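# Working through the structure, step by step
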Amino acid sequence: MEIERKFLLNKLPDNLSDYPHHDIEQAYLCRNPVVRIRRQDDDYILTYKGGGKMIREEYNLPLNKEAYYHLREKIDGNIITKKRYEIPLNDPKCLDKPLTIELDIFEGKFEGTVLAEVEFESKEDALAFKPPAWFAEDVTQDSRYHNSTMSK
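The sections below set out a description of the structure shown in this document.

Rules used in this analysis
Residue positions are given per chain, counting from 1 as you read along its sequence in written order. The model is predicted, so local features are restricted to residues of pLDDT at least 70 and side-chain atom pairs to those at 80 or more, both for listing and for counting; the totals for chains, interfaces and linings are taken over all residues. Side-chain numbers come from the whole structure's heavy atoms, not from hydrogens or water. By the criteria applied, helices consist of DSSP H or I runs no shorter than four residues and strands consist of E runs no shorter than two, each listed in order from the N terminus. Only rings of Phe, Tyr and Trp enter the pairing, Trp through its six-membered ring, and a pair is recorded when the two centres are within 6.5 Å. The plane angle decides the type: under 30 degrees is stacked, over 60 is edge-to-face, the rest tilted. The buried label goes to any residue with under 20% of its type's maximum accessible area, the exposed label to any with over 50%, and the partly exposed label to all in between, with areas taken from a 1.4 Å probe on protein chains only. Positive residues here are Lys and Arg, negative ones are Asp and Glu, while His and the chain termini are left out of the count. Counted as salt bridges are all cases of a side-chain nitrogen of Lys or Arg within 4 Å of a carboxyl oxygen of Asp or Glu. Distance and chemistry together define a polar contact, namely a pair of N or O atoms within 3.5 Å, with one atom able to donate a hydrogen and the other to accept it when in protein, and with adjacent residues in sequence counting only for side-chain atoms on both sides. Every residue pair with non-hydrogen atoms within 4.5 Å of one another is taken to be in contact.

### A few points about unusual backbone geometry
- Geometrically, the link from Asn-32 to Pro-33 is a cis peptide bond, its omega value of 0° lying close to zero.
- Here Pro-33 shows up in the loop between strand E2 (21-31) and strand E3 (34-40).
- With phi around 55°, Asp-41 is a residue other than glycine that occupies positive phi space.
- Assignment of secondary structure puts Asp-41 in the loop between E3 and strand E4 (43-49).

The following block contains the structure:
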C-alpha cells in the first residue's frame, strides 16, 4: 500500500546538492490500472498501481535491463525523466519512522516542473502532516500532477 501526499514548492532547498539523488526514467504501459516501467540509476522496476490518489495499492517487481528496454518499446505516451533528491525530514508526529521528502526535478519535456512527495505509514500520519515552509500547494488530489497523467 502506498500512502503519499504531493506538493508544489515555493522554492528549492538551498543545499539541494548535499542530498543523495537518483536519475529516473519511467514510462507507462497502461494507465488504468497503472502499469509503469522505471529505470532508477542501474535498477529496473515494473510497477502496478491501483486506483486512488493519496492511498492506493502498489506492487514493485524487479526487471533486468533487457526486459526494461523490451517493454520500453511498447509504452504509451511520453517518457518521463527526472532527478529525484531524497531529503530526510524529522516530523515529531511520525517518530516511529523518519520521513523522506522525494523531491523530483523533471527534465526534457517537463523541464521546469518540480514536485515533492512524502510517503507515510498511515492515513492518519498523512493527514496530520504539516509541510515545511518551502512547500506550496498540496496537489495530492490533482491528477494533473500524477506522472501517469503527465505521460499522456
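### Examining the packing of aromatic side chains
- All chains considered together, the criterion is met by 8 aromatic pairs.
- Consider the rings of Tyr-68 and Tyr-69, whose centres lie 5.0 Å apart with planes at 90°: the pair is edge-to-face.
- For Tyr-68, a relative accessible area of 0% corresponds to the buried category.
- Counting every residue linked through ring pairs, the aromatic cluster contains Phe-7, Phe-120, Phe-129, Trp-134 and Phe-135.

### Some thoughts on the side chain of Arg-38
- For Arg-38, the position within the fold is in strand E3.
- The side chain of Arg-38 is buried and forms no salt bridge, while Asp-104, the nearest opposite charge, is found at 6.1 Å.
- Here the side chain of Arg-38 touches Gln-26 through a polar contact of 2.6 Å, side chain to side chain.
- With near-sequence residues (within four places) excluded, Arg-38 lies in contact with Ile-24, Glu-25, Gln-26, Asp-43, Tyr-44, Ile-45, Tyr-68, Lys-82 and Arg-84.

### Here we look at the environment of Asp-125
- Summarising the element assignment, Asp-125 is placed in helix H2 (residues 123-128).
- Distance from Asp-125 to Lys-11, taken between C-alpha atoms, is 24 Å for residues 114 residues apart in sequence.

### Quick look at the environment of Phe-129
- For Phe-129, the location among the structural elements is in the loop between H2 and strand E10 (135-138).
- Residue classification places Phe-129 among the buried residues on the basis of a relative accessible area of 2%.

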